[in-house]
Amino acid sequence: MISIYQLKPRFQRLVSPLLHSLVASGVTPNQVTLAALFLSLVYGTAIAWSPYQATMLWCMPLLLLLRMALNALDGMLANATRQKTKLGAMLNELADQLSDACLYLPFATLPSVSPMLAVLVLFAGLLAEFAGVLALSIGAPRGFEGPMGKSDRAFCFGLLALLIAAGVSAVWLNALLMTMLLLSLWTVVNRIRRALRFSVLPTP
């Protein structure tokens, strides 16, 4: 299934110069993970409460790109410094979902956006990531299938932010949200089906 996630190797090569700086500075992978979460919390709060919402929305794609860079760098840093830990893996998953909630839930407060649709899209996205992680419990690899994975959601919410800032009609905004919802549910199904195909259950 086509997903922006398939571009991850190229994106990692693009941000690799930053990796050397982080290693030289002694930054840990968990610090990068927490920095991405903190950034998401601050920016999401600013969107919900700032009187300069339009400016924040115009800059949203850049913020999401920065968050994606940090998300790529924490794993790369863990591999480069041999600091991969169970705590780090759990923190990475939890921080990703919390960051999504911090950044995307404020969209439910914006004019022209259906609050119910925005919340449902967030819930479906979290469900898709849960389905991906759940694969590990039955012996399958962590699922990253699309068509609406983490990177795809970031792209769509970045686009949504630009459309809202540009004053696009509510009909189109909510149509985009509905499309995201349907694709997220499709992603849940894809991840469950793949996990069942590749799982290796222990014999009783």
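The structure this text deals with has already been given above.
Along the backbone of the protein there are eight helices and zero strands. From first element to last, N terminus to C terminus, the protein shows the α and β order α-α-α-α-α-α-α-α. Against the compact-globule benchmark of 17 Å for 204 residues, the protein has a radius of gyration of 18 Å, which places it among compact chains. Taken over the C-alpha atoms alone, the protein extends approximately 55 × 45 × 25 Å along its principal axes. Considering the protein as a whole, with its 204 residues, one finds that 42% of them fall into the buried category. Taking the intrachain contacts of the protein between residues at least 6 apart in sequence as the baseline, contacts between residues at least 24 apart amount to 82%. When the 14 basic and 7 acidic side-chain charges of the protein are each reduced to a single mean position, those positions are 7 Å apart.

In this structure, Thr-187 sits in helix H8 (residues 170–198). At 2.8 Å, the side chain of Thr-187 and the backbone nitrogen of Met-148 are in polar contact. Filtering out sequence-adjacent residues up to four positions away, Thr-187 remains in contact with Ala-128, Glu-145, Gly-146, Pro-147 and Met-148.

Basis of the calculations
- Residues numbered from 1 in each chain as written.
- Predicted model: local features only at pLDDT ≥ 70, side-chain atom pairs only at ≥ 80, totals over all residues.
- Heavy atoms only, no water.
- Helix = DSSP H or I, 4+ residues; strand = E, 2+ residues; numbered from the N terminus.
- Rg over C-alpha atoms; globule rule 2.2 N^0.38 Å.
- Buried < 20%, exposed > 50% of the residue type's maximum accessible area, 1.4 Å probe, protein only.
- Contact = heavy atoms within 4.5 Å.
- Lys, Arg positive; Asp, Glu negative; His and termini not counted.
- Charge placed at Lys NZ, Arg CZ, Asp CG, Glu CD.
- Polar contact = N/O pair within 3.5 Å; in protein donor to acceptor, adjacent residues only side chain to side chain.

Coordinates in, geometry out; function isn't part of it.
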